[in-house]
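Secondary and tertiary structure notes
Listed below are the residues making up each chain.
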Amino acid sequence: MRSCSRLQDAPYCSEGTYVGCFSDGGRDRTLKGAVFFDLRKMTVSHCQDACAERSYAYAGLEAGAECYCGNRLPVTSVGPEACNHECKGEKGSVCGGVGWLSVYRVEELPPGSRKRRTVTYRGCFRLPENGTHTFPDSLAQANMTVDACSGFCSQKEFPLAILRGWECYCAYPTPQFNLRDAVDRALCGQEPKAQRLAEYCAVYQTPVQDTRCTDRRFLPTKAKVFVALSSFPGAGNTWARHLIEHATGFYTGSYYFDGTLYNKGFKGEKDHWRSRRTICVKTHESGRREIEMFDSAILLIRNPYRSLVAEFNRKCAGHLGYAADRNWKSKEWPDFVRSYAAWWSSHVLDWLRFGKRLLVVHYEELRHSLLPTLREMVAFLNVSVSEERLLCVENNKEGSFRRRGRRPLDPEPFTPEMRALIDGYIRTVDKALRDHSGAGLPGEYVPR
């Protein structure tokens, strides 16, 4: 269905039905899935497409640049005059107001659409101790299918669809059902009548987002402890910020301003880095003066081989792209390695020398052991977090930061001379870490 809304007599038509202007703010927001921002290019169709991709029924636009998704309408409807902001990327179109949402019904994507996110099989698992009573919603019908169960749970805004014979259950990951110990898939492959009596269930990830950890805000009062999230470029700082924000519920700040990151939902990116309204502040700076401005720091370290490749990709193709083959084969790459490998080392050494209170976190440990490492980081930031919220973070761990496109033919184009240089810096940093805290770099860094 095609409908039009107007802003100052300028008609705007979109695919999908305009529902109205609503109040929907704060921590109890109704539309809180698939949140993103775009200061320059937000349009109604852009927001609708993002919500349709995750199988949401409604798209809400706020303050000209913010998009929210959900399957239930906000309770409080207001007059159309409250939604008076023009969309940043579309002259004459309505994108809400400050604290007000222009809500549109989303046109459902056909099942075979390339844009539509698919259901993902998570594994076969033993039922929790309390059986199916643990699961908050359910549906039973003859000939239950994965698509029918996933569709039911998506409509209810649950990230997990659970099949047990002809029974469908909807749930979140919980401490009692954390999806850690998968069993043989064959145990979930029995005939429906037999499986209904068994202790196992097949679990699928639905297209909708786990929203238990998507609410974020600025600190209610200025932080007494000024904390840095320090890393060398390419060490995963953006990903760590995503994890910290969703775990703590507070925005992170930045020493810099990156509009691309603001558009991905990092609202603290626009805040002045010394405002103390954010839980910690991203920085790649080193040197005594820059370090001593902070009271404490999480020092994020990544294998320099991986960091150098990631930062070169970013410099050549942005946060989500890959450098072209010609970039790797040019003089730019060896010059980059000579300069940046030394910086990787000096960055760690400076923070170890001048940092007042440090928590050293290795990117690889965060990857391989997410929740234990994240618990340490949250405790260091002096924030109490529920286990359910951490499981939500684990369920949303990737965020929107996977690189897209074709990988270069040689993902680690290091010559023997480059390796000798980098390995020397690895040994230096490993020794400095051992002298500082007794624990060196992970074994995979250290040359044998």
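The structure reproduced in this document is the subject of the present report. Computed from a prediction, not measured in an experiment: that's the story for all the values here.

Scoring rules and cut-offs
- Residues numbered from 1 in each chain as written.
- Predicted model: local features only at pLDDT ≥ 70, side-chain atom pairs only at ≥ 80, totals over all residues.
- Heavy atoms only, no water.
- Pairing = 2+ DSSP bridges.
- Helix = DSSP H or I, 4+ residues; strand = E, 2+ residues; numbered from the N terminus.
- Axes fitted to C-alpha atoms, helices over the stretch in contact; angles between N-to-C directions.
- Buried < 20%, exposed > 50% of the residue type's maximum accessible area, 1.4 Å probe, protein only.
- Contact = heavy atoms within 4.5 Å.
- Phe/Tyr/Trp six-rings, centres within 6.5 Å; stacked < 30°, edge-to-face > 60°.

Next up on the list: the sheet that holds strand E10 (residues 100-105). Across the sheet, which stays open at both edges, the 6 strands sit in the order E4-E6-E5-E10-E3-E7 with antiparallel pairing between neighbours. Edge positions in the open sheet fall to strand E4 (33-37) and strand E7 (76-78), since each of these has one partner strand only. Adjacent strand axes in the sheet meet at a mean angle of 30 degrees when their direction is disregarded. As judged from the 5 bridges shared by strand E5 (residues 58-62) and strand E6 (residues 66-70), these two strands associate in the antiparallel manner. Residue pairing for E6: Leu61 is matched across the bridge by Cys67.

What follows covers the environment of Cys168. Checked against the element boundaries, Cys168 lands in strand E14 (residues 167-171). Overall, the relative accessible area of 0% leaves Cys168 in the buried class. As for Cys168 and Phe135, which are separated by 33 residues in sequence, their C-alpha atoms are 10.0 Å apart. If near-sequence neighbours (up to four positions away) are discounted, Cys168 is found in contact with Asp137, Ser138, Leu139, Met144, Cys149, Phe152, Cys153 and Ile162.

Further remarks concern the packing of aromatic side chains. For the structure shown, the criterion picks out 27 aromatic pairs. Between Trp239 and Tyr363 the ring centres are 5.7 Å apart and the planes differ by 65 degrees, which places this aromatic pair in the edge-to-face class. Within this pair, whereas Trp239 is found in helix H4 (residues 237-248), its partner Tyr363 is found in helix H10 (residues 363-368), the two being separated by 124 residues in sequence. Considered together, Trp239 and Tyr363 belong to a single accessibility category, that of buried residues.

It is worth spelling out the sheet that holds strand E15 (residues 200-205) at this point. On the basis of which strands lie adjacent, the open sheet formed by 5 strands has the order E11-E15-E13-E14-E12 and antiparallel pairing. If you trace the sheet from one side to the other, it starts and ends with strand E11 (120-126) and strand E12 (137-140), each paired once. If you compare each strand with its neighbour and ignore which way they point, the axes differ by 25 degrees on average. Bridging between E12 and E14 involves 4 bridges; their strand directions are antiparallel. Counted as the bridge partner of Ser138 is Tyr169 from E14.

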